[in-house]
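# Architecture and fold: a report
The residues making up each chain are set out below.
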Amino acid sequence: MSKDLKNNNKDSIKVPLSTNHKAINRFKQLQQKNINVEKLFESILTSDTTSLSKGITLIESTQPNHIQKSQQLVEKCLPHANQSLRIGITGVPGVGKSTFIEALGNTLIEKGKKVAVLAVDPSSTISKGSILGDKTRMESLVKSPKAFIRPSPSGKSLGGVAQKTRESIILCEAAGYDVIIIETVGVGQSETAVHSMVDFFLLLKLAGAGDELQGIKRGIIEMADAIVINKADGDNEIRARKAKNQFQKALHLYPLGQNNWSPEVLTCSALENKGIQEIWNIILKYVDITSKSGFFEKNRIQQNQYWLLQTIEEQLKSNFYNHPKVKSTLDEQIEAVQQHKITPFTAARYLLNLQKDQ
């Protein structure tokens, strides 16, 4: 037998009756206890990974008493941020993102770098949960004291990135990490979201998967700073070289972007650690060219503007759905629309006007 555990007034996964609900409530109370932002900030500056994890958990929290503290923490960390290289890595599920990131991360650590990986796992539309299994897929990297791996659920955020990924980047930079790698879910609309928060955007592809021309048709090519054909080993090596040539020819059809950088196409085998150094060399080359031209800093400024506008949109949406009158009337309006008593436009206008009355 089981009963539904209510979460935010919505049915979630079923929990056995044997579950100790008192223990759950005690755990929630401990989570909501007073958090000393100053101490947490000071510990993050010492690269304490436990405090860094707690800080990211704080900024991901939707608890009202946590939101203000998370903003204070981000503001304290901001002067210590912006010193890292931010790399976004995307690709379809199964392309080998985790294996590639582990190979790249280990290579960078050997060079004396500190690497933080912000991995985003897809959230279930049914249970609302995520597996968050990236640490198990990066067995060697997770053991390094110079690596920090943080999986987060994508939730309802658009683009396969967690809603608070930008704030997490700031905390990781304050903790002294030189390279921040953002791994996306790899869904169709992840490109714009990831591109708006990284310095270098890398697209992983597979050879022989039937998506070479499909990849060329999508706008992602215009955003990618490098295209890497992964799993170029064994019998697949020939197909990988063929895919590389196809992408190189296709890239000639695209004009140069604002950074005047022509995207590079490479092959690699993350499993056999082949081609990883060459990819890092390309990233360094990109950083050198864009830094000298001034685009690197200009891009960071534009990203802050995008972040500002997105934050405004998120806050407006949050204020709307948390408005007392809207919360008490929303279900009623939805039912009226479903029964064709009013149009969706009329219902929306009515709900939006409720905010003006207060």
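Calculation notes
Residues numbered from 1 in each chain as written. Predicted model: local features only at pLDDT ≥ 70, side-chain atom pairs only at ≥ 80, totals over all residues. Heavy atoms only, no water. Helix = DSSP H or I, 4+ residues; strand = E, 2+ residues; numbered from the N terminus. Buried < 20%, exposed > 50% of the residue type's maximum accessible area, 1.4 Å probe, protein only. Pairing = 2+ DSSP bridges. Phe/Tyr/Trp six-rings, centres within 6.5 Å; stacked < 30°, edge-to-face > 60°. Expected span 1.5 Å × (residues − 1). Contact = heavy atoms within 4.5 Å. Salt bridge = Lys/Arg side-chain N within 4 Å of Asp/Glu carboxyl O. pLDDT = per-residue confidence, 0-100. Axes fitted to C-alpha atoms, helices over the stretch in contact; angles between N-to-C directions. Parallel < 35°, antiparallel > 145°, perpendicular 65-115°, else oblique. Left-handed = near helix turned anticlockwise from the far one by under 90°. Nonpolar A, V, L, I, M, F, W, Y, C, P; charged D, E, K, R; others polar. Patch = residues over 30% accessible without salt bridge, like charges linked within 9 Å, V, L, I, M, F, W, Y side chains within 5 Å. Areas by Shrake-Rupley, 256 points an atom, 1.4 Å probe, with all protein chains shown as cover. Polar contact = N/O pair within 3.5 Å; in protein donor to acceptor, adjacent residues only side chain to side chain.

Our focus in this paragraph is the overall build of the protein. Within the protein one finds 15 helices and nine strands. When each of the 358 residues of the protein is scored for burial, the buried share is 42%.

With that out of the way, let us pick up the pairing of strand β8 (residues 226–230). As a general feature of sheets, a regular strand has side chains that alternate between the two faces. For β8, the tally of buried residues reaches five of five residues, placing the bulk of the element in the interior. Here β8 shows no split at all, with Ala226, Val228 and Asn230 on one side and Ile227 and Ile229 on the other all buried. Taken together, the five bridges between strand β7 (residues 200–206) and β8 define a ladder with parallel strand orientation. Counted as the bridge partner of lysine 205 is isoleucine 229 from β8. In this structure, β8 lies alongside strand β9 (residues 264–267), joined through four bridges in parallel fashion. Note on β9: the bridge partner recorded for isoleucine 229 is threonine 267.

Turning our attention to the packing of aromatic side chains. Following the criterion strictly, the structure yields four aromatic pairs and no others. Relative to tyrosine 177, the ring of phenylalanine 148 has its centre 6.0 Å away and its plane inclined at 40°; by these criteria the two rings are tilted. Here phenylalanine 148 is found in strand β5 (residues 147–153), whereas its partner tyrosine 177 is found in the loop between α7 (165–174) and β6 (179–183), with 29 residues between them in sequence. Taking the relative accessible area as the measure of exposure, phenylalanine 148 reaches 5% and is therefore buried. On the basis of relative accessibility, which here comes to 3%, the residue tyrosine 177 falls in the buried class. Arranged with centres 5.1 Å apart and planes meeting at 80°, the rings of phenylalanine 200 and tyrosine 286 form a pair that is edge-to-face. In this pair, phenylalanine 200 sits in strand β7 while tyrosine 286 sits in helix α12 (residues 276–293), placing the two residues 86 residues apart along the sequence. The class of tyrosine 286 is buried, set by a relative accessible area of 3%. Here the aromatic cluster, defined as three or more aromatic residues joined through ring pairs, consists of Phe200, Trp261 and Tyr286.

The subject of this paragraph is helix α14 (residues 324–338). Each turn of an α-helix holds 3.6 residues, which means side chains three or four residues apart point in the same direction. In this model α14 runs 22 Å from its N-terminal to its C-terminal C-alpha over 15 residues, within 8% of the 21 Å that 1.5 Å per residue would give. Taken residue by residue, α14 has Val326, Thr329, Gln333 and Ala336 as its buried positions. On the buried face of α14, the contacting elements are α13 (295–321) and α15 (344–356). Backbone geometry just downstream of α14 places histidine 340 in the positive-phi region, at approximately 60°.

This part takes up the pattern of salt bridges. When charged atoms on two side chains of opposite charge get close, those side chains can pair. This model, assessed by the stated rule, comprises nine salt bridges. Of the charged contacts, one joins glutamate 38 and lysine 76 as a salt bridge, the two residues approaching to 2.7 Å between their closest N and O atoms. Linking glutamate 38 in helix α2 (residues 37–45) with lysine 76 in helix α4 (residues 64–77), this pair joins segments that are 38 residues apart in sequence. Classification of lysine 76 by relative accessible area gives partly exposed; the value is 31%. Note that arginine 150 and glutamate 60 form a salt bridge whose closest N and O atoms lie 3.1 Å from each other.

Confidence in the prediction for the protein averages 82 pLDDT; 77% of positions are at 70 or higher. Per-element confidence in the protein is highest for α12, whose mean pLDDT is 96, and lowest for strand β1 (residues 2–7), whose mean pLDDT is 41. pLDDT under 50 marks residues 123–133. Its contacts with residues more than four places away, or in other chains, come to 19 contacts.

Contact pair α2 / helix α3 (residues 49–60): the axes reach a minimum separation of 8 Å and the direction vectors enclose 130°. By the angle class used here, α2 and α3 are oblique. Pair α2 / α3 crosses with left-handed handedness. Contact residues: α2 offers Leu40, Ser43 and Ile44, while α3 offers Ser51, Leu52, Lys54, Gly55 and Leu58. Across the contact of α2 with α3, the residue classes break down as four nonpolar, three polar and one charged.

A word on a nonpolar patch on the surface. Where nonpolar side chains cluster on the molecular surface, the patch consists of Leu308, Leu309, Ile312 and Leu316 and spans about 380 Å² of accessible area. By secondary structure assignment, the location of leucine 316 is in helix α13. Given the relative accessible area of 55%, leucine 316 is considered exposed.

Attention now moves to the side chain of aspartate 225. Summarising the element assignment, aspartate 225 is placed in the loop between α10 (220–223) and β8. Residues in contact with aspartate 225, not counting those within four places in the same chain, are Asp199, Phe200, Phe201, Asn259, Trp261, Pro263, Glu264 and Tyr286.

The next thing to look at is the environment of asparagine 236. Within the secondary structure, asparagine 236 is located in helix α11 (residues 236–251). A relative accessible area of 13% places asparagine 236 in the buried class. Taking the C-alpha atoms as reference points, asparagine 236 and alanine 207, separated by 29 residues in sequence, lie 7.3 Å from one another. Beyond its immediate chain neighbours, meaning those up to four positions away, asparagine 236 contacts Ala207, Asn230 and Lys231. A polar contact is formed between the side chain of asparagine 236 and the side chain of arginine 239, at a distance of 2.8 Å.

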